[in-house]
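Analysis of the macromolecular model
Here is what each chain is made of, one letter per residue.
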Amino acid sequence: MCGIAGLVVAPGQPAPDPALGRRMNAVIHHRGPDDEGLHHDERALLGMRRLSIIDVGGGHQPMYGADHQVTIVFNGEIYNYRELRAGLERDGHAFASQSDTEVILQGYLRDGVGIFAQLDGMFGVAIWDRRTQELVLARDRLGEKPLYYAHDERRVLFGSELKSLLQSPDCPRDLNDDALRAYLTYGYVPSPYSVFAGVHKLPPAHFLRYRDGQISLHRYWQPSLSPKTSLSEPEAAEQLEALLDRAVASRLVSDVPFGAFLSGGLDSSTVVALMARHLGQPVKTFTIGFKEAAYNELDDARRVATHLGTEHHELVVEPDAVDLLKTLVWHFDEPFADSSAVPTFLVSQLARQHVKMVLTGDGGDEMFGGYDRYLKLMKLERLGAMRGPVAAGLSLAGAVAPNPYGERLARVGERLRLPFDERYLSGVAVMRSDIAQRLRPQAGGSNHFHLPALAQPGSDLGAGEEPLDRAVAIDLQSYLPDDILVKLDRMAMAASLEGRSPFLQPDLVQFALSLPVGYRVRDGRGKHLLREVANKWLPPRAISKPKQGFAIPLADWFRGPLRTLAADTFGSRAFRERGLLHASAAQALLHDHVERDIDRSEALWQALCLELWAQRFLDGDVASGG
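The rules we used
Residues numbered from 1 in each chain as written. Predicted model: local features only at pLDDT ≥ 70, side-chain atom pairs only at ≥ 80, totals over all residues. Heavy atoms only, no water. Helix = DSSP H or I, 4+ residues; strand = E, 2+ residues; numbered from the N terminus. Rg over C-alpha atoms; globule rule 2.2 N^0.38 Å. Buried < 20%, exposed > 50% of the residue type's maximum accessible area, 1.4 Å probe, protein only. Contact = heavy atoms within 4.5 Å. Expected span 1.5 Å × (residues − 1). Pairing = 2+ DSSP bridges. Axes fitted to C-alpha atoms, helices over the stretch in contact; angles between N-to-C directions. Phe/Tyr/Trp six-rings, centres within 6.5 Å; stacked < 30°, edge-to-face > 60°. Polar contact = N/O pair within 3.5 Å; in protein donor to acceptor, adjacent residues only side chain to side chain. Left-handed = near helix turned anticlockwise from the far one by under 90°. Nonpolar A, V, L, I, M, F, W, Y, C, P; charged D, E, K, R; others polar. Parallel < 35°, antiparallel > 145°, perpendicular 65-115°, else oblique. Salt bridge = Lys/Arg side-chain N within 4 Å of Asp/Glu carboxyl O.

Some thoughts on the overall build of the chain
- Counting its regular elements, the chain contains 27 helices and 17 strands.
- For 626 residues, the compact-globule estimate of 2.2 N^0.38 gives 25 Å, and the C-alpha radius of gyration of the chain, at 24 Å, lies within 12% of that figure.
- Each principal axis of the C-alpha atoms in the chain carries an extent, and together these give about 75 × 60 × 45 Å.
- Buried residues in the chain amount to 61% of all 626 residues.
- In the chain, 72% of the contacts between residues at least 6 apart in sequence involve partners at least 24 apart.

And the structure:
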């Protein structure tokens, strides 16, 4: 796990300044405190920071081909690198290290950009090929590792984090109105947008070529929700067990101590159970809890840890909410308002005291139908032609019922009137259209639920007409890569910790997506087949535990430690004059929350995160640490 950054100038432009490369590297020190390197020549700067996991002593980057004409920097891990290396050696390629970086390099020398489709791993890669005067950037299949870029007629900038690009004085800094609109809807900036209009995220499963001053994007892989498997349920369970076991085993390759996040829920518990099968010593597991019982999973995690015999570490935290929020804002680079980033950061800090890498359960909900919103959607879709009359009835009831019940009824009525994609996305969104429009007139309205990835050819992933498959296709295009995996990458890297997600192993992903709906959701509960398989390893509570989510007492915080910060921020002259949000609307939301007991905590968190981001990235010093 590392961070990469750099630039390549167009032919005829002045050579890049190595001092810029050093600044781009320095600002992502947290991603790789163990080592750094910088390549520079008449057209290119390629820099990297290294968190040494594999071939600790021999994996220094940048890495070069034998004739020094091809240079690579790489962020991530390749889990099948040993198998790929064996094939390359049979073809006559000689290796100077034991690192997975060199496997990508030698694979590129043999297969060109065809190497990317062969990689089982998470990665952001930059390859400068002086033979063809071409830069190639590539990102892993599901978006586990980030990669930003900015291009104009003079050069292309790139980096694992946006703050590296911002070390260049001429990096675009005009705000992207579409990105801000999407942020107010979902709490994150969806790909390929970034918060700045001239900076983009390389989409998952894509590579970019830059040659003669021009860029082109190419997709090298796409999952599919069809066709469905013809396996019987027992046969599917047997195959799922084998794939899960192989996915976890492949992600245990490491030359440094490692462990796992453990919530006590099905996904993380399954990962830990499979780790225990492959290790000769107890798995190190990590859990945090808050003093509020509703946000505390310590008992569930402890129960699984005892059952599996892990070396368990837990901590009840009472964080300084104000300082913590400001730290998180710096690490995310863009406005980001998934409040579960807070416990993710805190458990990463706990784990880093003991290990350098952890396995996680991320991706299990998308692959096996685990989100509650999937179940709610399936119930709504059963209404069929009755949606219209039911919507009308709910709207009437919402108009007369007292708040907050009236709001909820009216909201369900509004959802039922929407086209399918928007109907589902209204359950993903964290801010209603009317509130977004009150805060920012350019937001809300008919484009409230727009996601750019869904406008791309093939974005339905062959989902067909099943509501569950259609919803999963949407989440794989945006929520998973732009929220869940961003949160894991940034919060783990903030603690200089590597996080690996076995549920995102490509063969496992494709198999899970091939399962019929009834194998994933049954009797009103998701993850049916996964529960059947995991039942042999886990205690009953881990199998039956309702999905809790990794939440924080956000509503209480806005009536306690965040109340003064929110009031001072929304009442400040700087907030009013910046004009990203209407000050009076933000103040009204805070009043509703504190004085009228109407929960506005999610909208308040979004507004506060946006303004604190602006203070740091528009007004402040981006280069100084979080």
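Still more to cover.
Description of helix α7 (residues 266-278)
- Across its 13 residues, α7 extends 19 Å between first and last C-alpha, which sits within 8% of the 18 Å expected from 1.5 Å per residue.
- Most of α7 sits inside the fold, with ten of its 13 residues counted as buried.
- Among the residues of α7, those classed as buried are L266, D267, S268, S269, T270, V271, V272, A273, L274 and M275.

Thoughts on the sheet that holds strand β5 (residues 70-78)
- Across the sheet, six strands lie side by side as β4-β5-β6-β7-β11-β12; this open sheet has antiparallel pairing. Every other strand in the sheet has two partners, leaving β4 (63-64) and β12 (214-219) as the edge strands with one partner each.
- Of the pairings in the sheet, the one linking strand β7 (residues 134-139) to strand β11 (residues 206-211) comprises five bridges and is antiparallel in character. By the bridge assignment for β11, A138 is matched with F207.
- Relative to the sheet, helix α3 (residues 100-111) contacts β4, β5, β6 (121-129) and β7, its axis offset from that of β5 by approximately 130 degrees.

Examining the packing of aromatic side chains
- Summed over the entire model, instances satisfying the criterion amount to 14 aromatic pairs.
- Relative to F207, the ring of F116 lies with its centre 5.9 Å away and its plane at 40 degrees, an arrangement referred to as tilted. Of this pair, F116 sits in the loop between α3 and β6 while F207 is found in strand β11, placing the two residues 91 residues apart along the sequence. In this structure, F116 and F207 share a single accessibility class: buried.

Some details on the sheet that holds strand β15 (residues 311-317)
- The sheet built from five strands is open, its strands ordered β15-β14-β13-β16-β17 with parallel pairing. The open sheet has two edge strands with one neighbour each: β15 and β17 (498-500). Strand-to-strand twist across the sheet, computed as the mean angle between neighbouring axes with direction ignored, equals 30 degrees.
- Relative to strand β14 (residues 284-290), strand β13 (residues 258-261) is paired through three bridges, and the arrangement is parallel. When the sheet's bridge partners are listed, F261 is paired in β14 with F286.
- Across the face of the sheet, helix α8 (residues 298-308) comes into contact with β14 and β15 while running at roughly 175 degrees to β15.

What about the environment of K536?
- Tracing the backbone through its elements, the reader meets K536 in the loop between α21 (528-534) and α22 (540-544).
- Given a relative accessible area of 55%, K536 falls into the exposed group.
- Taking the C-alpha atoms as reference points, K536 and A273, 263 residues apart in sequence, are found 9.9 Å from one another.
- In this structure the side chain of K536 is engaged in a polar contact, spanning 2.8 Å, whose partner is the side chain of E241.

Re the packing of helix α26 (residues 583-595) against helix α27 (residues 601-619)
- Interaxial distance between α26 and α27 falls to 10 Å at its minimum, and their mutual angle equals 145 degrees. Relative to α27, the crossing made by α26 is left-handed. Between α26 and α27, the contacting residues are A586, L589, L590 and H593 on the first element and S601, A603 and L604 on the second.
- Tallied by class, residues from the contact of α26 with α27 come to five nonpolar, two polar and no charged.

Regarding the environment of A242
- With respect to the secondary-structure elements, A242 resides in helix α6 (residues 233-250).
- Separated by 266 residues in the primary sequence, A242 and L508 place their C-alpha atoms 9.4 Å from one another.

Section: the packing of helix α9 (residues 321-332) against helix α18 (residues 479-494)
- For the pair α9 and α18, interaxial distance at closest approach is 10 Å and the crossing angle is 110 degrees. By the criterion of interaxial angle, the relationship of α9 to α18 is roughly perpendicular. Crossing hand, α9 versus α18: right-handed. Contact residues: L328, H331 and F332 in α9; V486, K487, R490, M491 and A494 in α18.

Let's talk about the pairing of strand β2 (residues 35-40)
- Pairing of β2 with strand β3 (residues 44-50), which is carried by six bridges, proceeds in the antiparallel orientation. Within β3, the position partnered with L38 by the bridge is G47.

Some words on the environment of A585
- Along the chain, A585 falls in helix α26.
- The spacing of A585 and P389 is 196 residues in sequence and 33 Å in space, taken between C-alpha atoms.
- Apart from the residues within four sequence positions on either side, A585 is in contact with R438 and L439.

Points about the pairing of β7
- Within β7, six of the six residues are buried, which leaves the element mostly enclosed by the surrounding structure.
- Residues E134, V136 and A138 point to one face of β7 and L135, L137 and R139 to the other, with burial holding for every one of them.
- Bridge count between β6 and β7: six bridges; the pairing is antiparallel. By the bridge assignment, G124 is partnered in β7 with R139.
- The turn linking β6 back onto β7 is made up of four residues, and Q133 within it adopts a positive phi angle of 55 degrees.

A few points about the pattern of salt bridges
- If you walk through the whole model with that rule in mind, you get 50 salt bridges.
- The residue D152 makes a salt bridge to R154 at a minimum N-O spacing of 2.8 Å.
- Look at R154 and you get partly exposed, because its relative accessible area is 29%.
- Each of R31, K145, E161, K163, D333, D489 and R490 takes part in one network of salt bridges that share partners.

Quick word on the side chain of S194
- Locating S194 in the fold gives a position in the loop between α5 (177-186) and β10 (199-201).
- Residue class for S194 comes out buried when judged on its relative accessible area of 0%.
- A distance of 2.9 Å separates the side chain of S194 from the backbone oxygen of V199, its partner in a polar contact.
- When residues no more than four places from it in sequence are discounted, the contact partners of S194 are Y148, N176, A179, V189, V199, H200, K201 and E334.

Concerning unusual backbone geometry
- Across the junction of Q61 and P62, the peptide omega takes the value 0 degrees, indicating a cis bond.
- When you line up the elements, P62 lands in the loop between β3 and β4.
- The omega torsion of the bond from S191 to P192 falls at 0 degrees, within 30 degrees of zero and hence cis.
- Here P192 shows up in the loop between α5 and β10.
- Even without glycine at this site, D212 takes up a positive phi of about 55 degrees.
- Structurally, D212 is set in the loop between β11 and β12.
- You will see that S496, though not glycine, has its phi angle at about 55 degrees, which is positive.

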